[in-house]
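An overview of the molecular structure
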Amino acid sequence: MDFNIDFLETLNPEQYQAVTTTEGPLLVLSGAGTGKTRVLTTRVAYILANGLAHPWQVLAVTFTNKAAKEMQERLTQMVGAAAGDVWLGTFHRIGLRILRRYGDLVNLNKNFIVLDADDQERLLKNIMKECLVDTKEYPPADLLEIIQHWKDKGLAPDAITEAEKSNFCEGRALDFYRLYQKRLHEMNAVDFGDLLMLPLLLFQTHPEILAEYQHRFQYILVDEYQDTNIAQYMLLRLLAKGSNNICCVGDDDQSIYSWRGANVDNLLNFEKVFPGAQIIRLETNYRSTEHILACASSLIANNTGRLGKTLHVANQDEMGGELVVVQGYYNGQEEATEIIQKIEDENHAGIPLSKMAVLVRLSFLTREFEDALIKANLPYRIIGGFKFYEREEIRDVVAYLRLVVNQNDDLAFMRVVNKPRRGIGDKVVESLQQTANARHISLFEAINYAEIKPAPLKTLQAFREMILDAKKQTSTLRPVVVAKNLMQVSGYIAMWQAEKSLKSDERIDNIYELLNKLEDFASLDAFIEEVSLQTENDEQTTGDQLVVMTLHASKGLEFDKVFLPAWEEEIFPHQRAIDEVGEAGLEEERRLAYVGITRARKSVFISYASNRRVYGQWKNALPSRFVEELPPEHIDRRGNRRMGYGAQFSDIRMPWAAEKQTPKKRVGKRVHHETFGDGVVLREEGDRLEVFFDNSGLKKVLARFLEEI
DNA sequence: ACCACGATGCTTTTT
DNA sequence: GCATCGTGGT
């Protein structure tokens, strides 16, 4: 293989070791900005160049689709077309690939579909309703989370032990899980968790298949190992039993997905699980300045139970640099406006927008920045907010296509059968469902048997023919043409065109954007599969844009200048993280702060606001405790913009603050309301009061609209 | 079957 | 403050 190994010379000694120690288990502890992607990529290239394995005998797993794509590109640069034969992708994609091949051994039909979060929740809601559960009291989303956690551990319903059981809905979660799996099976569908759990089940029940993959994968590489869950760990352990050549790269200080089932112990126990493992530490940081690293290190030092690493700057040029700025603001809006102003100034001074980023803890915080960006007329992209593939119109179009591919896809059927309105209401769908249940057939097939009045029946038959017609077209026409036809014939596009609003125009644009993507696909199946795995916003760097995203979404990225707003108690660290898992939650929040700071090459701008609107209500806020954990000599602390540094937050007297100071006991008091007149307070729940007004009767009103009389 | 309106709850973080 | 859901009227 023609392969230029010159770039081995540009590696530092530790990186070189990590690349060339190919045999046996290896753990690479790789701090932020120490070149781990480079190591991983070069390692694969090294293995291929030395003929240690064929490309298809190398398995490289990444955490996100984006990371996989980036690695694929870099690898192609180094080894050319051979890069395409390496098994490279997210765990979920690899799992899918295995199931497409051997799914029949775990009761799957070859062309199964992958449900997204929305489908899953809808399905669970249906199941719960059938079981006469009040979905208000027991939210399907909570059940989904429970089931996902089971799947994260690789636990099928029969494997749930007493200790794993949940007391959700009087302990019925397991029953629902069983039903849910049964329903998935009937629909020939899997969810995200199944993409890990079912391959695991396959390997456990079919040793000969496991042996085949153990033999196949001579070298296994894993990125972001600190964020793998138990199912992923078990898969890796099984696969690595073949060659024993497994290399995991990770950083315990960047473990930020425990809420999703990630388990840092995978990394901490690496030596125990893989005897004879070697460990290499990458501690030379090529990304950030001294001040930035000092802040990150000082902050993370407050965590316990770390493996411990000391990052140092790579070159002397990076010594010094700008101090990390900590700025206080009056409120969230001022904060957003001023930060965008700064970004605009930097942009005028020559820094491209794409080299800067605003990273927030909670996705709703992106909103104020979006407003400010629109006012400033700067091009931007929000990541972590509403995602392209989660938009209504996109999901509708995909549902149509899913139905063309698989008429038994009941969820897709229900989504589009009356969209646009065709006069098919709840009653008709209910009747279809009954027939379908009784005969064990899909809703689509039930059209032929259900007792339905002539008018809707005619509509349903026409709908049926339309889908079957599109299916017929797939054998002669290109997928993109079939899809465009269907969107016209079904009246779906016309539905939005008729609406004529700003939003509907945008929706139509989105639909065409989606349909154009179809150009690149040979079949509808392939397209749907791509879409169902593409949950994360792919990099569509259309020109020079500023990104505003969540801290979670920023993992693995880097920017010259990073802005970290809303460093306030209850937001960051997030109150719920602390409430739910206490000290462990706080430490994960701190790692998130560490991830945020270490995204920056040249400068970090941290800020907090004294007042913030949450749920449309003003709340005052204290600076995050993390601010106090930064080393004073490395920061430029500017305090609050309007009050000057040192002002006591409790000194702030704002109109809305007055309401907080009124005594809590208001029950029994006579009050006056501008619209409802005089009355007496009966009950009190936080800010909401139940008042019996003399002339208007019983009303629920907000305390701030009341005056005591 | 569909629409208008009001009550409700929501904001962690994502493959 | 907003989007979603459920209700009751047409």
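You'll find the structure just up there.
Small disclaimer: the values here were computed from a predicted structure and weren't measured.

Comments concerning empty space enclosed by the protein
- On inspection of all chains with the given rule, the structure shows 2 cavities of 30 Å³ or more.
- Leu59, Val61, Phe91, Ile94, Gly95, Ile98, Pro199, Phe203, Leu235, Leu236 and Leu239 together form the lining of the largest cavity.
- At the level of secondary structure, the elements contributing two or more residues to the lining of the largest cavity comprise β2 (58-62), α4 (91-102), α8 (194-205) and α10 (230-243).
- Examining the composition of the lining of the largest cavity, we find that 4 residues originate from one element, α4, more than from any other.
- Of the residues belonging to the lining of the largest cavity, the class tally is 10 nonpolar, 1 polar and no charged.

Description of the environment of Arg625
- Mapped onto the elements, Arg625 comes out in helix α26 (residues 625-628).
- What makes Arg625 partly exposed here is its relative accessible area of 33%.
- With 544 residues separating them along the chain, Arg625 and Ala81 place their C-alpha atoms 51 Å apart.
- In this view, Arg625 contacts Glu569, Pro573, Ile578 and Leu586; residues no more than four positions away in its chain are not counted.

Considering the packing of aromatic side chains
- Tallying each qualifying case throughout the model produces 19 aromatic pairs.
- Joined through ring pairs, the aromatic side chains of Trp87, Tyr102, Phe203, Tyr213 and Phe217 make up one cluster.
- The ring of Trp87 is capped by Arg97, whose NZ or CZ atom sits 3.6 Å from the centre of that ring.
- The aromatic ring of Tyr257 is capped on one face by Arg260, whose charged end is 4.6 Å from the ring centroid.

Quick word on unusual backbone geometry
- With an omega dihedral of 5 degrees, the bond running from Lys419 to Pro420 counts as a cis peptide bond.
- With respect to the helices, strands and loops of the structure, Pro420 is situated in the loop between α17 (410-416) and α18 (426-439).
- The omega angle of the peptide bond from Phe572 to Pro573 is 5 degrees, so this bond is cis rather than trans.
- Phi is positive for Glu224, close to 50 degrees, though the residue is something other than glycine.
- Of note, Glu224 is situated in the loop between β6 (219-222) and α10.
- A residue is classified by how much of its surface remains accessible, and Glu224, at 9% relative accessible area, is buried.
- We note that Asn244 has phi near 65 degrees; this positive angle belongs to a residue other than glycine.
- Within the secondary structure, Asn244 is located in the loop between α10 and β7 (246-250).

A word on the pairing of β7
- The buried fraction of β7 is high, at 5 of 5 residues.
- Residue alternation in β7 divides its side chains into two sets, Ile246, Cys248 and Gly250 and Cys247 and Val249, and both sets are buried.
- Pairing of strand β1 (residues 26-30) with β7, which is carried by 4 bridges, proceeds in the parallel orientation. Within β7, the residue paired with Leu29 across the bridge is Gly250.
- Sheet topology places β6 next to β7; 3 bridges connect them, and they run parallel. Directly across from Ile220, in β7, lies its bridge partner Ile246.
- Handedness of the crossover joining β6 and β7 through α10: right-handed.

Quick look at the pairing of strand β11 (residues 324-331)
- Counting buried residues in β11 gives 8 out of 8 residues, a clear majority hidden from the surface.
- Where β11 meets strand β16 (residues 600-614), 6 bridges bridge the pair, whose relative direction is parallel. Across the sheet, the residue bridging to Val325 is Phe605, located in β16.

Some remarks on the sheet that holds strand β3 (residues 87-90)
- Spatially, β3-β2-β6-β7-β1-β8 is the arrangement adopted by the 6 strands of the open sheet, whose pairing is parallel. Edge positions in the sheet fall to β3 and β8 (278-282), since each has one partner strand and no second. The average angle at which neighbouring strand axes cross in this sheet is 15 degrees, direction not considered.
- Against the sheet, α4 engages β2, β3 and β6, with an angle of about 120 degrees to β3.

Side note on the packing of helix α16 (residues 392-405) against helix α24 (residues 524-533)
- Interaxial distance between α16 and α24 falls to 10 Å at its minimum, and their mutual angle equals 135 degrees. Taken together, the axis directions place α16 and α24 in an arrangement best described as oblique. Every pair of crossing elements has a handedness; the one defined by α16 and α24 is left-handed. Residue-level contacts link Val398, Leu401, Arg402, Val404 and Val405 of α16 to Leu524, Asp525, Phe527, Ile528 and Val531 of α24.
- Split into classes, the residues belonging to the contact of α16 with α24 amount to 8 nonpolar, no polar and 2 charged.

Details of the nonpolar core
- Formed by 73 residues in total, the largest nonpolar core has its most connected members in Trp150, Phe203, Tyr213, Ile220 and Tyr225.
- Looking at this core, the element that brings in the most residues is α10, giving 8 residues.
- Every residue in contact with Trp150, bar those within four places of it in the chain, is listed here: Leu155, Ile160, Glu164, Lys165, Ser166, Ala173, Leu174 and Tyr177.
- Ile256, Ile292, Val325 and Val548 belong to the second largest nonpolar core, which has 67 residues in total.

Rules of the game
- Residues numbered from 1 in each chain as written.
- Chains lettered and ligands numbered in written order.
- Predicted model: local features only at pLDDT ≥ 70, side-chain atom pairs only at ≥ 80, totals over all residues.
- Heavy atoms only, no water.
- 1 Å grid on protein atoms, 1.4 Å probe; cavity = no way out; pocket = protein on both sides within 12 Å on 5 of 7 lines; lining within 4 Å.
- Points joined across faces, edges and corners; volume = space filled by probe spheres on them.
- Helix = DSSP H or I, 4+ residues; strand = E, 2+ residues; numbered from the N terminus.
- Nonpolar A, V, L, I, M, F, W, Y, C, P; charged D, E, K, R; others polar.
- Buried < 20%, exposed > 50% of the residue type's maximum accessible area, 1.4 Å probe, protein only.
- Contact = heavy atoms within 4.5 Å.
- Phe/Tyr/Trp six-rings, centres within 6.5 Å; stacked < 30°, edge-to-face > 60°.
- Lys NZ or Arg CZ within 6 Å of the ring centre and 35° of its normal.
- Pairing = 2+ DSSP bridges.
- Right-handed = clockwise from strand over helix to strand, strands pointing away.
- Axes fitted to C-alpha atoms, helices over the stretch in contact; angles between N-to-C directions.
- Parallel < 35°, antiparallel > 145°, perpendicular 65-115°, else oblique.
- Left-handed = near helix turned anticlockwise from the far one by under 90°.
- Core = buried A, V, L, I, M, F, W, Y, C linked by side-chain atoms within 4.5 Å.

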